[in-house]
Amino acid sequence: LYTTYDILSPMIGIFDSGVGGLTVLTKIRERAPDADIIYFGDTKNAPYGTRPLEELRAFTSSAVELLLSKGARDIVSACNSVSAFTTLSESGLLAQVPLSIIEMTRPTVRALARDFTGEKIVFLATPATIASSIYARGCAESGINATHIAIPELAGAIERGAPRDEIISIVARAVSVLPRDTDVVSLSCTHYPFVQDIFIEEIARAGLAAETFDPADSVAEEVCVGCEKNGNGTARFILSKDSAVFRDTLSRIFVGSPMIEIRDVSV
Ligand code: DGL
């Protein structure tokens, strides 16, 4: 297995349920334009955030195996709803990741503790992320004053390209349950930064003074420290099911249309 990887140029493998991870990929490319990237979006199984843990673990193993087989040396889990590290440790796959595994949690918590010391942080995320308590644990360890609120429908709505009005009403409902003294709203699902402008508008409309925080850049910062970033700046994309929303989003991020391979990796 190892020998197979060695003949390929080292790449950073990024995965998510669909378009969400593109918010992270964009920040990685800004900080490391020469990194070679392979991205997998599990569009066939998206959204992840309302699925049971066992299913999410199986999807995570398949995604990582696919990325490794395509030459990824580092793995970035651009999905808060799964823990790549836990899944890989339990399946024994961990030993096969040649370099590092980067998840959203640690860089997010580190950046919040550094930049918003003593402030009241609210984590907005999928039900799977909130149920896993990963942010609750990270915040307790870092002394962050945090509240956690799940938004069950938002990632799926963004993934299927729902009309703006529908997104606005989902966001408005979430904002209506924010504590009045919230200082910072962490967009802890990688899909949410696509509608950060709507969060900002609805927070202002509700008369709150909270600011929004997109963790993608702090994740990109960690990728620059821990991953192979000297390549040819190539980016390849694999989806488990073709998606017009994904293609459209990608064409707004990249000049020209990168090739997308469709590969069903069903478990
Ligand atoms: N973007 C992912 C996350 O950060 C998954 C969202 C979903 O598919 O529900 O949680």
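As shown above, the structure is provided for reference.
The rules behind each value
- Per-chain numbering applies: the sequence of each chain, read as written, is numbered from 1 onward.
- A pLDDT threshold of at least 70 governs which residues receive local features in this predicted model, and a stricter bar of 80 or more applies before side-chain atom pairs are shown or counted, although totals over entire chains, interfaces and linings include all residues.
- To get the side-chain values, take all heavy atoms of the structure and skip hydrogens and water.
- Working definition: a ring pair exists when centres of Phe, Tyr or Trp rings (six-membered ring for Trp) sit within 6.5 Å. Plane angles under 30 degrees give stacked, over 60 give edge-to-face, the rest tilted.
- Only runs of H or I of at least four residues qualify as helices and only runs of E of at least two qualify as strands under DSSP, and these elements are numbered from the N terminus.
- The buried label goes to any residue with under 20% of its type's maximum accessible area, the exposed label to any with over 50%, and the partly exposed label to all in between, with areas taken from a 1.4 Å probe on protein chains only.
- Counting rule applied: Lys, Arg positive; Asp, Glu negative; His and chain ends not counted.
- Salt bridge criterion: a side-chain nitrogen from Lys or Arg within 4 Å of a carboxyl oxygen from Asp or Glu.
- At least two DSSP bridges between two strands are required for those strands to pair.
- Fitted lines through C-alpha atoms serve as axes, helices being fitted only where they are in contact, and the angles separating the N-to-C directions of these axes extend from 0 to 180 degrees.
- Remark: nonpolar core denotes a set of buried residues (Ala, Val, Leu, Ile, Met, Phe, Trp, Tyr, Cys) joined through side-chain atoms within 4.5 Å.
- Only heavy atoms enter the contact rule, under which two residues are in contact if any of them lie within 4.5 Å.
- Cavity and pocket criteria rest on a 1 Å grid covering protein atoms alone: a 1.4 Å probe that fits but cannot get out defines a cavity, protein on both sides within 12 Å along at least 5 of 7 lines defines an open pocket, and an atom within 4 Å of a point defines a lining residue.
- Grid points are joined across faces, edges and corners, and a volume is the space filled by probe spheres set on the points.
- Ten residue types, Ala, Val, Leu, Ile, Met, Phe, Trp, Tyr, Cys and Pro, are classed as nonpolar, four, Asp, Glu, Lys and Arg, as charged, and the remainder, Gly among them, as polar.

So, about the packing of aromatic side chains. By the definition in use, this model includes 8 aromatic pairs. Pairwise contacts between aromatic rings join Tyr39, Phe237, Phe246 and Phe254 into one cluster.

Following the sequence through the fold, Asp42 ends up in the loop between β2 (37-41) and α3 (53-69). One buried charged residue, Asp42, forms no salt bridge at all, with the nearest opposite charge on Arg51 at 7.2 Å.

With that out of the way, let us pick up the sheet that holds strand β7 (residues 184-187). With parallel pairing, the 4 strands of this open sheet are ordered in space as β6-β5-β7-β8. Across the chains shown, the open sheet's two edge strands, defined by having one partner strand only, are β6 (145-150) and β8 (211-213). Going across the sheet, the axis of each strand differs from the next one's by a mean of 25 degrees, ignoring polarity. Strand direction decides the pairing type here: strand β5 (residues 120-125) and β6, joined by 6 bridges, are parallel. Each residue of the ladder has a partner; that of Phe123, found in β6, is His148.

With that out of the way, let us pick up the nonpolar core. Grouped together as the largest cluster of nonpolar side chains are 65 residues, with contacts concentrated most on Phe199 and Phe237. Each residue touching Phe199, except ones within four places of it in the same chain, is listed here: Leu124, Ile151, Leu154, Val171, Val175, Leu187, Tyr192 and Thr212. With 24 residues, the next largest nonpolar core counts Phe15, Leu66, Ala72 and Ala84 among its residues.

Relative to the assigned elements, Ile158 resides in helix α8 (residues 154-159). A relative accessible area of 9% means that Ile158 is categorised as buried. C-alpha of Ile158 to C-alpha of Val195: the two residues are 37 residues apart in sequence and 8.3 Å apart in space. Apart from the residues within four sequence positions on either side, Ile158 is in contact with Val19, Ile167, His191, Tyr192, Phe194, Val195 and Val245.

Before going further, it helps to examine empty space enclosed by the protein. On inspection of all chains with the given rule, the structure shows 4 cavities of 30 Å³ or more. Taken as a whole, the largest cavity holds about 70 Å³ of empty space. For the lining of the largest cavity, the class distribution of residues is 5 nonpolar, 7 polar and 1 charged. Taken as a whole, the second largest cavity encloses approximately 40 Å³ of empty space. Pro47, Gly49, Thr50, Thr126, Pro152, Ala155 and Gly156 are the residues that line the second largest cavity. The residue inventory of the lining of the second largest cavity, partitioned by class, reads 3 nonpolar, 4 polar and no charged.

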